[in-house]
Protein chains: 2
Amino acid sequence: MSFYSGLKRVLVGESLPTSAHAEERLSNAEALAVLSSDALSSVAYATEEILLVLIAAGTAALTWSLPIAVAIIALLAVVILSYRQTIRAYPNGGGSYIVARENLGLYPGLVAGGSLMIDYILTVTVSVSAGTAALTSAVPGLQRYTVELCLVFVFLLTLANLRGVRESGRLFMIPTYTFVVTIFLLIGLGLYQQATGQISQNDTLIEAKESINLFFILRAFSAGCTALTGVEAISDGVLAFKPPEWKNARLTLLYMGVILGFMFLGITYLAHAYHIAPEEGQTVVSLLGRQILGNGPIYYLLQVATLLILLLAANTSFADFPRLCYFLARDGYLPRQLSILGDRLVYSNGIIFLSVCAAILIVIFRGQVNAVIPLYAVGVFTSFTLSQAGMVRRWYQERTSGWQASAAMNGLGAIATLVVLGVIVSTKFKGGAWLVVVAIPLVVGIFLAIHRHYEYVAQRLSIQGIAPRSYIPRLRTQEGTHPAVVVVGQLNRGTLEAIDYARSIADEIVAIHVDIGSTDREKLQQRWQQLGADIPLIILDSPYRSVVSPIVDFVTDFEDRHPNVLSTIIIPAFVTRNWWESILHNQTTFFLKASLRAKKSRVVTTVRYFL
Amino acid sequence: MSFYSGLKRVLVGESLPTSAHAEERLSNAEALAVLSSDALSSVAYATEEILLVLIAAGTAALTWSLPIAVAIIALLAVVILSYRQTIRAYPNGGGSYIVARENLGLYPGLVAGGSLMIDYILTVTVSVSAGTAALTSAVPGLQRYTVELCLVFVFLLTLANLRGVRESGRLFMIPTYTFVVTIFLLIGLGLYQQATGQISQNDTLIEAKESINLFFILRAFSAGCTALTGVEAISDGVLAFKPPEWKNARLTLLYMGVILGFMFLGITYLAHAYHIAPEEGQTVVSLLGRQILGNGPIYYLLQVATLLILLLAANTSFADFPRLCYFLARDGYLPRQLSILGDRLVYSNGIIFLSVCAAILIVIFRGQVNAVIPLYAVGVFTSFTLSQAGMVRRWYQERTSGWQASAAMNGLGAIATLVVLGVIVSTKFKGGAWLVVVAIPLVVGIFLAIHRHYEYVAQRLSIQGIAPRSYIPRLRTQEGTHPAVVVVGQLNRGTLEAIDYARSIADEIVAIHVDIGSTDREKLQQRWQQLGADIPLIILDSPYRSVVSPIVDFVTDFEDRHPNVLSTIIIPAFVTRNWWESILHNQTTFFLKASLRAKKSRVVTTVRYFL
């Protein structure tokens, strides 16, 4: 067992046979934990993002956070009601790519797929960064290791997913429900303290740098829309529920919406009531926690639960992204390698691809949530819009009973999310959204280029039209000659074996030797006569001391003289016992093979001699 | 023409045919310039190195520089008289490696070779660093780019030598003689000014940190011995002289010794007379120059000439190091690649090897001459001692007329340099000489390991003892069967061609296909029947979804069943039009070949299908 495979076994575990593939069904409570962590965890940063925009207009402007939060919750309600229709129509799970492709056609499907891919990568970046912020808020000493911590978390998630996170349901409930409970505790205690007038307000006034106008408010609204990310997860994973799957999924989606809405509204209200202004190095939730819960164990529990649910949220992408890549690769829009199940029955290549992209973004944006947020949500809302528009089309075409209501619901969702998408793109364009606006068509372009390539290859390789052959077993001698060229450096055992091999496969053999100015030609020919009398040895001149080019020229010429048959070019090579010994020998074989391939020699055979 | 070869042509020039190889003969004046730059240029730093040691004992200790310089000049005289004997005995050029190997045996020869290799590398490092110091002394603003400047100089030297520095003689005279003339001008003017009492002494007193004792004086002496580096160059290059070669060489060596002695003594005396103490950022020669010549054009000429002669000194190593590597590689103590003439008739690999090593040392020591000096001179004096001891042995064995005088001269040289070597190692051991003391046996160990490997390979590959064969041309069918395995992925044109190829070279063919769980076996067998009825298709199971391991297992088994014949393993592969397209296809072929090779399959043939 090599070092690499040993290391891999320790980190990732033993290979699993295909037969070990099985689906786990989740109870509603488990499903909520597994599928909603992305959506629920966004309350850890959504309020803060709104406040960060508003603070530019001074402390007074923070009041605007309340109406903005209400608007976002209204939007959330529309999206959730709309997705409930999707669940009914796609009881086997309807991701945006599939829904958009089936109902709107290829291009909208690819746009949805590309948007989602970008979004999954950003989810990992944002969630891991936000989780790390929760940790560094609690332990400020860790703040200067932000990037390193983020990368460690990404690495751990990658490892866990490469092993395959099978036993998910139960395990995932702990951090999710701890988070929900501590947030509700925070809200409850906060409201109680406010009612009893125990608030110690910190009223440091910050001056306005911007003035409040519609565009400004919409910008804050856009920032808050990150609260909606992850809402579609349940509709993608209907099959994970216990039967009746679609009913359980709809119910869970509703629960999730209600919980998310309450938490988001609660935190935003408290931030307003406690006059919280965003600070460097402390998240808004952490500031609230310190003020309401004090610096005791419950505060630290809140921060740890926040970190954990955010890591779960990132983990959702590790399940969804490789699956999306699988669909795209299966359809020929991504490299085939992404559709292959790895040793542990997971799509290892997709997992690695995702973590590399996320890690790069983390390094670029130094693990700062605020820096990445403008890029986020563009992809989500693009896929929301396409998916729901696809549903409208589907209802209209199928016209099952009560289709009008569903179509209206989805239509409302499509229009609402389209409008919000417009708002997000226009308000955050300069801040970074332009990157995603550029990236989505680029990704779709890559999809199409890959597809064209696969189609070209398939067409060139097709055996369609080749008449069914019925070979009669024939002896090779009846088919005419098979030509071969043997490259001879020194006369040694390796060369002799190569000549013997040539003799066994070919009947027209030429041996060639290149004289770079140091060959005793007479002696060589004389020894050759003793060893290979029936094969001619041709000595090639090389005034420029290159070994490779005279051989390539000769072979090209030789192959031209045998037009309708594959010639075999035989290169003797000896294999050293260790890799480091091989640097002590000329790398001529390597360069020779590369040059012959570049010249389209089709069969270059190395006859190895093991020392 | 590829990008790489285009770039290479611009930088290095067109390939030269072997016939263009010719020797240029140098007049004595030219030879002095070409072969003595290393020795002469050492006056640019030798005095400074002495003063840098002495200053630790305070300004008063600087007086010691005079007797030390006199002692070094005495040593120089001994070495030069000794090398005059070597030139007479080796009129074809006697490098230390050759002299020591011929007369003292293998191990002393290798020690001399290893010492010289290390020394040539250090010569480049020291000379380039000192040259850069001359430049930054004149233009202090460049000081913070010291390392970058050094690396640029090394790069330029590498490039020049890869092109081949043919037109050397005339060109090299300009900087060498400019340097000699300006140094003599400096000394003359300095003495004149001193005589006429125009010295404006700077008498900043520096306090003593160390006390003066014998060891301390010897340490200063060791530092000054760097003045002797490069003295052996003329005896290595006797063949470059016009006839009578050895007489001209001896004469030139004498001239060089006299010039070097005067310059070294002159600078050391002036440094003493002008109370020069070494300063950070200014070389001693630069300090002297500014004081004696003023800040005018002659001062800048001096600095430029110093830079240029130091670059020439480094350039000497670029000629000598690859030649030494050639000798060692030819004898099997270094990788063979170092004995191959490159496109431009120079030993390109040796040149590149040298510049990489020197560049690494420059980066490690930040381009500081003082930091490298303790390592320097150990190699020189080791090879001095061995070479001269070898000469004593030779005189004693040959006993030509007047051998006693020559032997006595060489013996004196050997003893003197051995004593100095002892002094250098003991006084500079802690300061860095230990590195070289460790490196020399290490290098010799590598020489021996390489030699053992080449001998082992030669013995394993030898055809000694294989009886001269006289083959009768035989048809392959008479020799029995040739077995082949064809690996079949999908059924496509590439596969069909591979099967056709197998049919043309073999008469016992098996096709194999790996089912990782996605193959429609019945359909595949059915289509196979239509296409290749005479060849059996075996479908291999792969419960762990690996394509490679079932094939490797099958092939190992197959080869075991055909013990006395080379089986051919045929892998169809299609070649994409661009390199980037190839990442869209499974890299299975690559991994399969690597695994088969690891399992010692000797003939793995790829049949390429060009799209």
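Residues numbered from 1 in each chain as written. Chains lettered and ligands numbered in written order. Predicted model: local features only at pLDDT ≥ 70, side-chain atom pairs only at ≥ 80, totals over all residues. Heavy atoms only, no water.

A. Up close: the overall build of chain A. When helices and strands are tallied, chain A shows 22 helices and five strands. A compact globule built from 611 residues should have a C-alpha radius of gyration of about 25 Å, whereas chain A, at 33 Å, is more than 25% larger. Taken over the C-alpha atoms alone, chain A extends approximately 110 × 60 × 45 Å along its principal axes. Here chain A, with 611 residues, has 56% of them falling under the buried criterion. Of the roughly 26000 Å² of accessible surface on chain A, a fraction of 63% belongs to carbon and sulfur atoms. Treating the 45 positive side-chain charges of chain A as one cloud and the 39 negative ones as another, the clouds have centres 4 Å apart. (Helix = DSSP H or I, 4+ residues; strand = E, 2+ residues; numbered from the N terminus. Rg over C-alpha atoms; globule rule 2.2 N^0.38 Å. Buried < 20%, exposed > 50% of the residue type's maximum accessible area, 1.4 Å probe, protein only. Areas by Shrake-Rupley, 256 points an atom, 1.4 Å probe, with all protein chains shown as cover. Lys, Arg positive; Asp, Glu negative; His and termini not counted. Charge placed at Lys NZ, Arg CZ, Asp CG, Glu CD.)

B. Up close: the interface of chain A and chain B. In this complex, chain A contributes 82 residues to the contact, which on the side of chain B involves 81 residues. Both faces considered, chain A and chain B share a buried interface measuring about 7500 Å² in area, 56% of it formed by carbon and sulfur atoms. Viewed at the interface, chain B and chain A are joined by zero salt bridges. On inspection of chain A and its partner chain B, the count reaches ten residue pairs in polar contact (both at pLDDT 80 or more). Contributing elements (two or more residues each) for the side of chain A that touches chain B: helix H17 (403-461), helix H18 (493-505), helix H19 (521-532), strand E4 (568-575), helix H22 (588-598) and strand E5 (603-610) of chain A. Examining the composition of the side of chain A that touches chain B, we find that nine residues originate from one element, H18 of chain A, more than from any other. Both E5 of chain A and strand E5 (residues 603-610) of chain B contribute to a ladder of five bridges, which runs antiparallel. Opposite threonine 606 of chain A, over in E5 of chain B, you have valine 604 of chain B as the bridge partner. (Contact = heavy atoms within 4.5 Å. Buried area = accessible area lost by both parts, 1.4 Å probe. Salt bridge = Lys/Arg side-chain N within 4 Å of Asp/Glu carboxyl O. Polar contact = N/O pair within 3.5 Å; in protein donor to acceptor, adjacent residues only side chain to side chain. Pairing = 2+ DSSP bridges.)

C. Highlighting a nonpolar patch on the surface. Residues and elements named next belong to chain A. On the surface, a cluster of nonpolar side chains totalling about 410 Å² of accessible area is made up of Phe429, Trp434, Leu435, Val437 and Val438. Considering the arrangement of structural elements, one finds valine 438 in helix H17. On the basis of relative accessible area, valine 438 is assigned to the partly exposed category, the value being 46%. (Patch = residues over 30% accessible without salt bridge, like charges linked within 9 Å, V, L, I, M, F, W, Y side chains within 5 Å.)

D. Broad picture of the relation of the copies chain A and chain B. Its rotation angle being 180°, the transformation that places chain A on chain B also includes 0.0 Å of axial translation and leaves an RMSD of 0.1 Å. In symmetry terms, the pair is related by a two-fold rotation axis. A shared interface surface links the copies, since 99% of the contact residues of chain A are contact residues in chain B too. (Least-squares fit on C-alpha atoms with pLDDT ≥ 70 in both.)

E. Here's a closer look at the nonpolar core. Ranked by internal contacts, the top residues of the largest apolar core, which has 141 residues, are Val128 and Phe381 of chain A. Here the element with the most residues in this core is helix H13 (residues 297-330) of chain A; it accounts for 15 residues. Setting aside chain neighbours within four positions, we find phenylalanine 381 of chain A in contact with Leu75, Cys225, Leu228, Thr417, Val420, Leu421 and Ile424 of chain A. Grouped together as the second largest cluster of nonpolar side chains are 138 residues, Ala44, Tyr299, Val420 and Val423 of chain B included. (Core = buried A, V, L, I, M, F, W, Y, C linked by side-chain atoms within 4.5 Å.)

F. Representation of the environment of valine 12 of chain B within the structure. Tracing the sequence through the fold places valine 12 of chain B in helix H1 (residues 3-12). Separated by 150 residues in the primary sequence, valine 12 of chain B and leucine 162 of chain B place their C-alpha atoms 6.1 Å from one another.

G. Broad picture of the side chain of threonine 605 of chain B. Among the secondary structure elements, threonine 605 of chain B is positioned in strand E5. The contacts of threonine 605 of chain B, once residues within four sequence positions are left out, are Tyr501, Val603 and Thr605 of chain A together with Tyr501, Thr568, Ile569, Ile570 and Ile571 of chain B.

H. Focus on the pattern of salt bridges. Residue and element names in this part refer to chain A. Inspection of the entire model under this criterion finds 20 salt bridges over all chains. The residue arginine 323 makes a salt bridge to aspartate 320 at a minimum N-O spacing of 2.9 Å. With arginine 323 and aspartate 320 both in helix H13, this residue pair falls three residues apart, about one helical turn. Using a relative accessible area of 35% as the deciding quantity, one classes arginine 323 as partly exposed. Judged by relative accessible area, aspartate 320 falls into the buried class, the value being 10%.

I. Quick peek at the sheet that holds strand E3 (residues 537-541) of chain A. Read from one edge to the other, the open sheet built from ten strands follows the order E3(A)-E2(A)-E1(A)-E4(A)-E5(A)-E5(B)-E4(B)-E1(B)-E2(B)-E3(B), with strand pairing classed as mixed. Each edge of the sheet is formed by a strand with only one pairing partner; in this case those strands are E3 of chain A together with strand E3 (537-541) of chain B. Recorded for the sheet is a direction-independent mean angle of 30° between the axes of neighbouring strands. Both E4 of chain A and E5 of chain A contribute to a ladder of eight bridges, which runs parallel. Following the sheet pairing, alanine 573 of chain A is matched in E5 of chain A by arginine 608 of chain A. Strands E4 and E5 of chain A together with strand E1 (483-487), strand E2 (508-515), strand E4 (568-575) and E5 of chain B of the sheet are contacted by helix H18 (residues 493-505) of chain B, whose axis makes an angle of about 150° with E4 of chain B. Across the sheet, helix H22 (residues 588-598) of chain B lies against E5 of chain A together with E1, E4 and E5 of chain B, angled at about 160° from E4 of chain B, the strand it touches most. (Axes fitted to C-alpha atoms, helices over the stretch in contact; angles between N-to-C directions.)

J. Region of interest: the pairing of E2 of chain B. Residues and elements named next belong to chain B. Extensive coverage of E2 is indicated by the burial of seven of its eight residues. Across five bridges, the pairing between E1 and E2 is parallel. Looking across to E2, one finds that valine 487 is bridged to isoleucine 512. In this fold, the crossover linking E1 to E2 by way of H18 has right-handed handedness. The pairing of E2 with E3 spans five bridges and is parallel. When the sheet's bridge partners are listed, alanine 511 is paired in E3 with leucine 537. (Right-handed = clockwise from strand over helix to strand, strands pointing away.)

K. Structural detail: the confidence of the model for chain A. Scored by pLDDT, chain A comes out at a mean of 85, with 93% of its residues at no less than 70. As a predicted assembly, this complex carries a pTM of 0.71 together with an ipTM value of 0.73. (pLDDT = per-residue confidence, 0-100.)

L. Representation of the packing of aromatic side chains in the model. Residues and elements named next belong to chain A. For the structure on display, the rule yields 18 aromatic pairs over all chains. Seen in terms of ring centroids, tyrosine 396 and tryptophan 403 are 5.9 Å apart; in terms of plane orientation they differ by 75°. Their pairing is edge-to-face. Accessibility expressed as a relative area gives 18% for tryptophan 403, which makes it buried. Members of the aromatic cluster, each reached through a chain of ring pairs, are Tyr83, Phe381 and Phe384. Its end group placed over the ring of tyrosine 396, arginine 399 keeps NZ or CZ at 4.3 Å from the ring centre. (Phe/Tyr/Trp six-rings, centres within 6.5 Å; stacked < 30°, edge-to-face > 60°. Lys NZ or Arg CZ within 6 Å of the ring centre and 35° of its normal.)

M. Structural context of empty space enclosed by the protein. All names here are of chain A. All told, the structure shown has four cavities of 30 Å³ or more when counted by the stated rule. Forming the boundary of the largest cavity are Asp38, Tyr120, Thr123, Gly230, Glu232, Ala233, Ala313, Thr316, Ser317 and Asp320. Elements that contribute at least two residues to the lining of the largest cavity include exactly helix H6 (106-138) and H13. Counting residues per element, the lining of the largest cavity draws most heavily on H13, at four residues. Counted by class, the lining of the largest cavity contains three nonpolar, four polar and three charged residues. (1 Å grid on protein atoms, 1.4 Å probe; cavity = no way out; pocket = protein on both sides within 12 Å on 5 of 7 lines; lining within 4 Å. Points joined across faces, edges and corners; volume = space filled by probe spheres on them. Nonpolar A, V, L, I, M, F, W, Y, C, P; charged D, E, K, R; others polar.)

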